[in-house]
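Read off the chains here:
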Amino acid sequence: MKKLSNENRIKLQKISTATIATCLYKKGLRNQFIQNVCPLSNQNKSMVGEAFTLRYIPAREDLNPISVFQDPKHPQRVAIETCPEGSVLVIDSRKDARAASAGSILVTRLMKRGAAGIVTDGGFRDSEEIAQLPFHSYHQKPSAPTNLTLHQALDINVPIGCGDVAVFPGDIIVGDKDGVMVIPSEIANDVAVECEKMTLFEDFVLEQVNNGKSIIGLYPPTHEQTLKDFEAWKNN
């Protein structure tokens, strides 16, 4: 597994999930956008971090009483306390938001430990409080019932599914106001470099469109003059 460089981590914080989606599409990866999750709060920079995963299975009542939280080895609690600094905790809640994946106390603890964010394809309780935190958090919708009602925490840092996307530990998770993209770790550095170039060209195109330019021949740049104009624009 290749490590994302600090330089490229900073680049990804300034790149939209839309641009990343297009870049990955060009590479043949068409199912990397986590479905039906949205941000609880607005942050200035995109969420970027390595995936650290937690997997829930359907709860079985005899194994999931409220007393399980007294066990210091309970997987949900352990995930919160062991998620590495700078990582994103990604929770497989089987797209089931009828019971919460976590609440404000656990999310606050995760934030205080230096995580980059949290993503679930289920829901959070205390969602209004979580939305007030200076922390990246994504879910499907608010949900008041405790996770024990429907979810049984089972595995930590194993491959999971989240919002119909395969997430492997160490994959790079990027989130903005549009949602969350999953970048395979092996190509994350290359994607960051390519997306930075794409973003620069998109900035040029948007300026041209605002100045009344037609998108024909501009986007994509099928006219030779477009690329000449872009080079001149970069040098100004």
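Our subject is the structure that appears above.
Bear in mind that the values here come from a model prediction, so they are computed numbers and not experimental data.

Novice: In this structure, what is going on with unusual backbone geometry? I would like to understand it.
Specialist: Most peptide bonds take the trans configuration, and most residues that are not glycine carry a negative phi. In the segment running from Tyr219 into Pro220, the intervening peptide bond is cis, with an omega of 10°. For Asp164, which is not glycine, the phi torsion reads 70° and is therefore positive. Relative to the elements of secondary structure, Asp164 occurs in the loop between strand 9 (160-162) and strand 10 (165-167). Using a relative accessible area of 45% as the deciding quantity, one classes Asp164 as partly exposed.

Novice: Please explain the packing of aromatic side chains as it appears in this structure.
Specialist: A ring pair, where both rings are aromatic, is described by two values, the distance of the centres and the angle of the planes. Evaluated as defined, the whole model comprises 5 aromatic pairs. Between Phe201 and Phe230, the ring centres sit 5.1 Å apart and the planes meet at 90°, which makes this aromatic pair edge-to-face. On the criterion of sequence distance, the pair formed by Phe201 in helix 6 (residues 188-210) and Phe230 in helix 7 (residues 224-235) is long-range, its members being 29 residues apart. Like Phe230, Phe201 is buried. An aromatic cluster is built from Phe201, Phe204, Phe230 and Trp233, whose rings are joined through pairwise contacts. In this structure, Arg77 packs its charged tip against the face of Phe69, placed 3.8 Å from the ring centre.

Definitions and cut-offs
Residues numbered from 1 in each chain as written. Predicted model: local features only at pLDDT ≥ 70, side-chain atom pairs only at ≥ 80, totals over all residues. Heavy atoms only, no water. Helix = DSSP H or I, 4+ residues; strand = E, 2+ residues; numbered from the N terminus. Buried < 20%, exposed > 50% of the residue type's maximum accessible area, 1.4 Å probe, protein only. Phe/Tyr/Trp six-rings, centres within 6.5 Å; stacked < 30°, edge-to-face > 60°. Lys NZ or Arg CZ within 6 Å of the ring centre and 35° of its normal.

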